[in-house]
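Per-entry structural report
Next come the chains, spelled out residue by residue.
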Amino acid sequence: MSGSESDGAGANLEYDDDDDNLDFVPVLSGSEEAETDGILTRSRTRSDGDGGSEDIGTSSSSSEDFDDEVGDLDDDDGSDSGWLSADSDDSEFLDSGEEEEAFWSALEGDLSSALENPQFLQRVWPGQPPSAEERRDELYAYYTLLKQAHQMDDFGMGGATAGNRRLKGSASCCALEASEGKAIKYRVGSAESGDAQTTTDRHINSSYDHCQVADSLLCHNFDGGEDDEVIVMKKKKLQLFVVNRKTGVAAKRSEVFIGVNPYTLARSSCGECIAVGGDLQVMLFTCDRQTKQIEYSSILVFMKRSQFLSEFPMANSARFGKISGRERLLVTNQNGNIYVFEVPTKAAVDAAREEGRDASSLYVCTHLYNNEWSGARRLAGLRVPGRAAAAPDDEAGPVQSGAQHQAEYVHSSSVASWEVALRHARGRSLNPHEVYVTLSSASRELITAVIGKFPIALNCAELSPDGKWLAVVGDSQMVFVCPMDKVLEGRVMRYRTSSSTSRGEVFMPHVIKLSLPSKRTKSAGGVRFPDGVSHRPFSQYCKWNSESSLLAATSDNGNYVAVWSSVNWSLLKVFDYKNQRPCLPLCFVAGLESTLLWAEDIADSVTVGNARAPKRKDRAFLRLPERMDKRKRRLMAQAFNNIGGMPRDHAPIEGQRITGLGCTVAPERVYVYTSTTSLLSRHEVLLEWSPSSADKFCKNFREAARQVVLGSSTCSGSPLRLLPEPILVKILGIAAFPTEAWA
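Please read these numbers as outputs of a predicted model, since none were measured by experiment. Each chain carries its own residue numbering, running from 1 in the written order of its sequence. Local features in this predicted model are restricted to residues of pLDDT 70 or higher, and side-chain atom pairs are both shown and tallied only at a pLDDT of 80 or more, whereas totals for entire chains, interfaces and linings draw on every residue. Calculated side-chain values reflect all of the structure's heavy atoms, with hydrogen atoms and water omitted.

Things to note about the overall build of the protein chain
- On a plain count of helices and strands, the protein chain comes out with 11 helices and 37 strands.
- Taking the contacts inside the protein chain whose residues are at least 6 apart along the sequence as the reference set, 66% of them involve residues at least 24 apart.
- Just so you have it, the protein chain exposes about 29900 Å², and 47% of that area is on carbon and sulfur atoms. In this text, helices come from DSSP runs of H or I with a minimum length of four residues, and strands from runs of E with a minimum of two, each type numbered from the N-terminal end. Any pair of residues with heavy atoms lying within 4.5 Å of one another is described as a contacting pair. Shrake-Rupley sampling with a 1.4 Å probe provides the accessible areas, and residues are treated as covered by the protein chains on show and by no other component.

So, unusual backbone geometry
- K453 follows G452 through a cis peptide bond whose omega is 5°.
- That bond from F737 to P738 is cis: its omega, 0°, falls within 30 degrees of zero.
- Positionally, P738 belongs in the segment after α11 (725-735).
- Phi is positive for K292, close to 70°, though the residue is something other than glycine.
- With respect to the helices and strands, K292 occurs in the loop between β13 (281-287) and β14 (294-301).
- Taking the relative accessible area as the measure of exposure, K292 reaches 13% and is therefore buried.
- Although it is not a glycine, S324 sits at a positive phi angle of roughly 55°.
- Residue position: S324 is located in the loop between β15 (315-323) and β16 (326-333). Exposure is judged per residue with a 1.4 Å probe applied to protein chains only, and the accessible area is read against the type maximum: over 50% gives exposed, under 20% gives buried, and values in between give partly exposed.

Considering the pattern of salt bridges
- One speaks of a salt bridge when a side-chain nitrogen belonging to Lys or Arg is within 4 Å of a carboxyl oxygen belonging to Asp or Glu. Under the counting rule described, the total for this entry stands at 34 salt bridges.
- Of the charged contacts, one joins K292 and E229 as a salt bridge, the two residues approaching to 2.6 Å between their closest N and O atoms. Residue K292 is located in the loop between β13 and β14, and its partner E229 is located in strand β8 (residues 227-234); the two are separated by 63 residues in the primary sequence. Across the pair, exposure class does not vary: K292 and E229 are buried alike.
- E295 serves as the salt-bridge partner of R353, at 3.9 Å between the closest nitrogen and oxygen. On the criterion of sequence distance, the pair formed by R353 in helix α5 (residues 346-354) and E295 in strand β14 is long-range, its members being 58 residues apart.
- Taking relative accessible area as the criterion, R353 reaches 37% and is therefore assigned partly exposed.

Next up, the structure:
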């Protein structure tokens, strides 16, 4: 579906090159709450009501003139947008949240009792039952489906589950080896048989921590090798598998117990550094590329802004990318800051460990900005609970009040202390307060660079592959695109709030503002938006394509995926269909510039979308293999209705809880991996045409290729008959792509 281009609305504001004269810094007005104590957590934001409705607002700026033009950041008429002020009473919300967690924790505890009940086992797994671990995995997978559907319905973001829809795809979107995926299993010795030589195949599955999180999968292929490396989170364990690209058989090579289910995973381009973000920390690991062994390196803790706040500075996403030609780690925080860290080599971390030094200082980024606020002045105005603001030296001169923060404190926590706490917990899950106390009790202060502060709670930040742009999304209708050259120069904008809860100004990095579409409206150029979306949409994840020409963002409460072109920042496409559920993970297909993947929270397929294909030919579907048939789902539903104390009986839920998406590319083949709480599966997307794969392409191309082949026959009078067969095959292979050209 085609979207409307930017209407060019924006204030032509003069930008004075003298950054010390803040009277000439561009002023942007908006209704989003900008006070630091007004930034919300995921849970509070998602349950906080509509926040008003409005026509689509895609006011944005051209990439060529962002110095002088900025979009209007007003999202509505100035009415209260539902943000929580510092004086708001959130005790009722906290109590209900604790009761909700207690209910689901008790239900999860009942699963162990059910697995020990012979009648239950015989009813669900008649005949020869699978291993005890397989039974636990299947029961847990259905438990996550039930919990996910319940929580999303409570937030008003539910929809029809997979079994209630008929989905049709088009080969014009992309060419698939097969629409049905293959479940990836790993082989282990069977301890139950008592024979060490006996092996059994087990599914690989994953777990998650939050109903709006789907970032629990990493997959890479290094140097075009024969094996893919896949990392998943399962029950607070970081697991690394090696998957043979030809056979699809996996082997577990490493496992580390981290004690928490995180929000996000990331891995550096060389594969040596792994980042795991959670409630208030980012855990850093090293990976030996030869042995595949993962080891703790450091734990960095983001401190609460006030001891009186009940919310935590959650690390919602971790991403690696290049800034000024160097790979850095960006950790997007709920508090509105993007923390920037260096990426040391494994050899440097090992050397620090051998010398008895804390490796945390190796990750601190101290040189990022190239403006006069850098150096000693970067700490001016920095506030940390219980500490006075750091003062610049005399030579630096006075610092303008309210200038952009370019550094923040983080705490380095003892890895040894954390491991001791996990042992003492004896398998019991630590709640966020226990995690906070444990990680902050044995720590030291460090200072690292930040990009911020943004006036919204942030969910994800993604650097473009060419290093020119930084896309930032969060609990707001706004999608910020930061020109990195302006960010590194320290260029800022004054953001003027206009909500009814508070009024004032804050400073934020220089941005180009895009806007998520909000509702069905004629001004949207014919774009159809999901039924029932009358509130302001928020975004959970964003992603660039490999050429940095397209930016995509998923909306969990808007139930769609929006795509913009970086040429003029116009809204290129909105992917949605009737009764679509919350959209969470997404990624572009490696090697195909306009083809992207995304998934709903509960689904039986992954959607492939082509941003440049015409309507009704712009998507295909990768069906996930099933681990539980309909009969088993019905029995599971009956069991939970009986043992769970549910407030109402639930019908069997179709689909799977999807926890992550990823692609690996090697010569001629792209594999798409999908992790769910049931299994890990793989699909193949074709990058090349061959006579054996001709039937995988769309009808128009097949007909054209048939005419070419007929013309090349020796009995025809066409000049094509003079071409050698390898040359002819090469020509057809080039003509087959892009597939949308044949739609």
